[in-house]
Amino acid sequence: MDKKKDLTKLVISMNCESGLSRRKYLNYDFDLIVGCKGDNLEDPFVKEVSEKMSLRYNISQNKKNGFIGNFASHLKALDYIIKNKLDKVVILEDDSIQATAIPEDLPTEPCLFSGQIAHPSNWSKDKAFKESGINKEIISTFKVGVNPIEYYKFRWSQINALYIPTSTSAEILLNKIRQHKKYKAYDLFLSQHQLIEKLYYPAVFKHHDFARQSQVSTDPGIIINYVKVDKGTLNLAYYTQTG
């Protein structure tokens, strides 16, 4: 476990049995941001997101509530950073396992510490993009450290680990988000509008939900260094150790 004391790790997780079960796998100390329930319109973050959320007509209400709750939870985390004037923060979802030591030379602007590389413009072409290995070819060009997200080459999904350098940068990001009239799934929204411009390589966190249902997905995913991997090839010990 990394002992770096000047970095705050905020974990978004539901305050329920499922949330407790997911958090037990985390291999680092953290502060909890209680996740928002997407159907709780008394929550100001949920109310804001509900009024702007635009999803496909055929998405079930339960899944829609999941997207709303997830988006609202991330806004809540940004708001927490701003109100508490926090610097050097990583916002994490409760399926984020630390993979490496926290970098000594931290980024100076918001930066992905995990995620998945995707086709730059067309989701219908994303499967072929990955099966052909283009995503891995792109990743092979990354240098160790901070890299630009070249949106003409690729975009990204998954927002399980986002580094925020200062409370000011959190406020700028939150204001940019709120300038938009319509919201969608939080990760796709940030990527579509190119609101995050950097990623760190190798990824500081791995994504693994240990087959535990989240607000937005029942499909367990394992993502290491920006690539989704075959969950059958790795064991639990791999995910819960750092390095």
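Residues numbered from 1 in each chain as written. Predicted model: local features only at pLDDT ≥ 70, side-chain atom pairs only at ≥ 80, totals over all residues. Heavy atoms only, no water.

> Is there a simple way to explain the overall build of the chain in this structure?
Secondary structure summary: the chain contains eight helices and 13 strands in total. Counting across all 243 residues of the chain, residues that qualify as buried make up 51%. Counting only contacts in the chain whose residues sit at least 6 apart along the sequence, the fraction spanning at least 24 positions is 74%. Entry remark: accessible area of the chain is about 12100 Å², with carbon and sulfur atoms responsible for 48%. (Helix = DSSP H or I, 4+ residues; strand = E, 2+ residues; numbered from the N terminus. Buried < 20%, exposed > 50% of the residue type's maximum accessible area, 1.4 Å probe, protein only. Contact = heavy atoms within 4.5 Å. Areas by Shrake-Rupley, 256 points an atom, 1.4 Å probe, with all protein chains shown as cover.)

> Mind showing me how you'd approach the packing of aromatic side chains here?
Think of a pair of aromatic rings as described by two things: how far the centres are apart, and how the planes are tilted against each other in angle. In total, this model carries 11 aromatic pairs according to the counting rule given. Relative to Phe-30, the ring of Tyr-28 lies with its centre 6.3 Å away and its plane at 75 degrees, an arrangement referred to as edge-to-face. Residue Tyr-28 is classed as buried on the basis of its relative accessible area of 3%. Using a relative accessible area of 29% as the deciding quantity, one classes Phe-30 as partly exposed. Here the aromatic rings of Phe-142 and Phe-154 are separated by 5.9 Å at their centres, their planes lie at 55 degrees, and the arrangement is tilted. Here Phe-142 is found in the loop between helix H5 (134-139) and strand E7 (145-148), whereas its partner Phe-154 is found in the loop between E7 and strand E8 (155-157), with 12 residues between them in sequence. Assigned by exposure class, Phe-142 and Phe-154 land together as buried. Of the aromatic side chains, those joined through ring pairs into one cluster are Phe-71, Tyr-183, Tyr-186 and Phe-189. (Phe/Tyr/Trp six-rings, centres within 6.5 Å; stacked < 30°, edge-to-face > 60°.)

> What should I look at first to understand helix H6 (residues 167-178) in this one?
Helix length check: H6 (12 residues) gives 16 Å between terminal C-alpha atoms against 16 Å at 1.5 Å per residue, within 8%. Those residues of H6 lying buried are Ser-167, Ser-169, Ala-170, Leu-173, Leu-174 and Ile-177. Down the axis of H6, the buried set is contained in an arc of 155 degrees. They therefore lie on one face. Elements in contact with the buried residues of H6: helix H3 (61-83), strand E9 (161-164) and helix H7 (186-192). (Expected span 1.5 Å × (residues − 1). Arc of directions from axis to C-beta.)

> Would you take a moment to explain unusual backbone geometry for this structure?
Among all residues except glycine, the phi angle is most often negative; among peptide bonds, the trans geometry is most common. Here the amide bond leading from Tyr-201 into Pro-202 is cis, since omega sits at -5 degrees, within 30 degrees of zero. Checked against the element boundaries, Pro-202 lands in the loop between strand E10 (198-201) and strand E11 (205-208). In this structure, Gln-194 takes a positive phi of about 55 degrees despite not being glycine. Looking at the element boundaries, Gln-194 is found in the loop between H7 and E10. Of note, Tyr-226 is a non-glycine position whose phi angle comes to about 75 degrees, a positive value.

> Help me understand the packing of H3 against H6 in this model?
Axis angle and axis distance: for two packed helices, these are the angle between their axes and the distance between the axes, and together they describe the pair. At a closest axis distance of 8 Å, the pairing of H3 and H6 adopts a crossing angle of 145 degrees. Crossing of H3 against H6: the hand is left-handed. Along its contact with H3, which presents Phe-71, Leu-75, Leu-78, Ile-81 and Ile-82, the element H6 presents Ser-167, Ala-170, Glu-171, Leu-173, Leu-174 and Ile-177. Looking at the contact of H3 with H6, its residues break down into nine nonpolar, one polar and one charged. (Axes fitted to C-alpha atoms, helices over the stretch in contact; angles between N-to-C directions. Left-handed = near helix turned anticlockwise from the far one by under 90°. Nonpolar A, V, L, I, M, F, W, Y, C, P; charged D, E, K, R; others polar.)

> Just to check I follow, could you spell out the pairing of strand E3 (residues 89-93) for this structure?
Side-chain positions along a regular strand alternate between the two faces of the sheet. Buried residues dominate E3, accounting for five of its five residues. Burial along E3 is two-sided: Val-89, Ile-91 and Glu-93 facing one way and Val-90 and Leu-92 facing the other are all buried. Sheet topology places strand E1 (residues 8-13) next to E3; five bridges connect them, and they run parallel. Opposite Lys-9, over in E3, you have Val-90 as the bridge partner. For E3 and E9, the ladder comprises four bridges, and the chain directions are antiparallel. Paired with Val-89 across the two strands is Ile-164, which belongs to E9. (Pairing = 2+ DSSP bridges.)

> Explanation requested: the packing of helix H2 (residues 44-52) against H3 in the structure shown.
At a closest axis distance of 8 Å, the pairing of H2 and H3 adopts a crossing angle of 125 degrees. Judged by the angle between their axes, H2 and H3 are oblique. When you trace H2 past H3, the crossing you get is right-handed. Taking contact as the criterion, the partners of Phe-45, Val-46, Glu-48, Val-49 and Ser-50 in H2 are, on H3, Ile-68, Phe-71, Ala-72, Leu-75, Lys-76 and Asp-79. Taken together, the residues of the contact of H2 with H3 sort by class into seven nonpolar, one polar and three charged. (Parallel < 35°, antiparallel > 145°, perpendicular 65-115°, else oblique.)

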